[in-house]
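# Architecture at a glance
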Amino acid sequence: QVQVVESGGGLVQPGGSLRLSCVVSGGIFSILRMGWYRQAAGKQRELVADIRSGGSTNYVDSVKGRFTISRDNTKNTVYLQMNSLKPEDTAVYYCHIVPQVSLDYWGQGTQVTVSS
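Below is a short write-up of the structure. (Residues numbered from 1 in each chain as written. Predicted model: local features only at pLDDT ≥ 70, side-chain atom pairs only at ≥ 80, totals over all residues. Heavy atoms only, no water.)

### What about the overall build of the chain?
To be explicit about the condition: The helix count covers DSSP runs of H or I at least four residues long, the strand count covers runs of E at least two residues long, and both are numbered beginning at the N terminus. The buried label applies to any residue whose accessible area, calculated with a 1.4 Å probe on protein chains only, is under 20% of its type's maximum; exposed applies above 50%, and partly exposed to all values in between. By definition, residues are in contact when any of their heavy atoms lie within 4.5 Å. Each accessible area value is a Shrake-Rupley result obtained with a 1.4 Å probe; residue values ignore everything except the protein chains displayed when judging cover. The charge count treats Lys and Arg as positive and Asp and Glu as negative. His and the chain ends do not count. Working definition for charges: the position is that of NZ of Lys, CZ of Arg, CG of Asp or CD of Glu.
Along the chain, the regular secondary structure elements total 0 helices and 11 strands. Across the chain, helices and strands are ordered from the amino to the carboxyl terminus as β-β-β-β-β-β-β-β-β-β-β. Looking at the 116 residues of the chain, the share that counts as buried comes to 43%. Of all intrachain contacts in the chain linking residues separated by at least 6 positions in sequence, the fraction that spans at least 24 positions is 51%. As presented, the chain carries roughly 6100 Å² of accessible surface, and 47% of it is formed by carbon and sulfur atoms. When the 11 positive and 8 negative side-chain charges of the chain are each reduced to one mean point, those points stand 2 Å apart.

### Thoughts on the nonpolar core
The condition is simple: Nonpolar core, defined: a set of buried Ala, Val, Leu, Ile, Met, Phe, Trp, Tyr and Cys residues in which side-chain atoms within 4.5 Å join the residues together.
Formed by 29 residues in total, the largest nonpolar core has its most connected members in Val24, Trp36, Leu80, Met82 and Tyr93. Not counting chain neighbours up to four residues away, the residues in contact with Val24 comprise Val2, Gln3, Val4, Ile31, Met34, Asn76 and Ile97.

### Things to note about the side chain of Thr110
The line we're drawing: Between N or O atoms, a polar contact is any pair within 3.5 Å; within protein, one atom must be a potential hydrogen donor and the other a potential acceptor, and residues adjacent in sequence are included only when both atoms are from side chains.
With respect to the helices and strands, the residue Thr110 is situated in strand β11 (residues 110–114). Taking the relative accessible area as the measure of exposure, Thr110 reaches 11% and is therefore buried. There is a polar contact of 3.3 Å between the side chain of Thr110 and the backbone nitrogen of Gly9. Leaving out residues up to four positions away in the same chain, Thr110 has contacts with Glu6, Gly9, Leu20, Ala91, Val92 and Tyr93.

### Brief notes about the pairing of strand β9 (residues 91–100)
Applicable threshold: By the convention used here, strands pair only if DSSP detects at least 2 bridges between them.
Judged by how many residues are buried, β9 sits mostly within the fold: 8 of 10 residues are covered. As judged from the 7 bridges shared by strand β4 (residues 33–39) and β9, these two strands associate in the antiparallel manner. Paired with Met34 across the two strands is Ile97, which belongs to β9. Sheet topology places β9 next to β11; 3 bridges connect them, and they run antiparallel. Bridging from a neighbouring strand, Val92 pairs with Gln111 of β11. Here 3 bridges tie β9 to strand β10 (residues 103–106), and the two strands are oriented antiparallel to one another. Bridge pairing links Ile97 to Tyr105 in β10. What sits between β9 and β10 in their antiparallel hairpin is a turn of 2 residues, with Ser102 showing a positive phi close to 70°.

All we've got here are geometric facts, nothing functional implied.
Shown next, in the form of structure tokens:
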């Protein structure tokens, strides 16, 4: 059974940093796309960043220059390094993987709260 497990969320002050991790297990040997979404209270879920198997990346404009997505294919893990965090980054962050076309999985989410 495929499992997608996020970690690394928490409470941080504005300007601080956090690193999210997402580990995929359960028989997945290659993943086309790995991404991070977030959903703030009362808002729709939005794509934050994603990374393809070849290494190309995509970011939402609001995090460009502050967040960095990376992946370790040997560990089936994707990371999101978040720097210069702002209160508006507060949300539940979800890991999303696409092993192949028309197949995807979500993690359970990890809370990120940016507050003084």
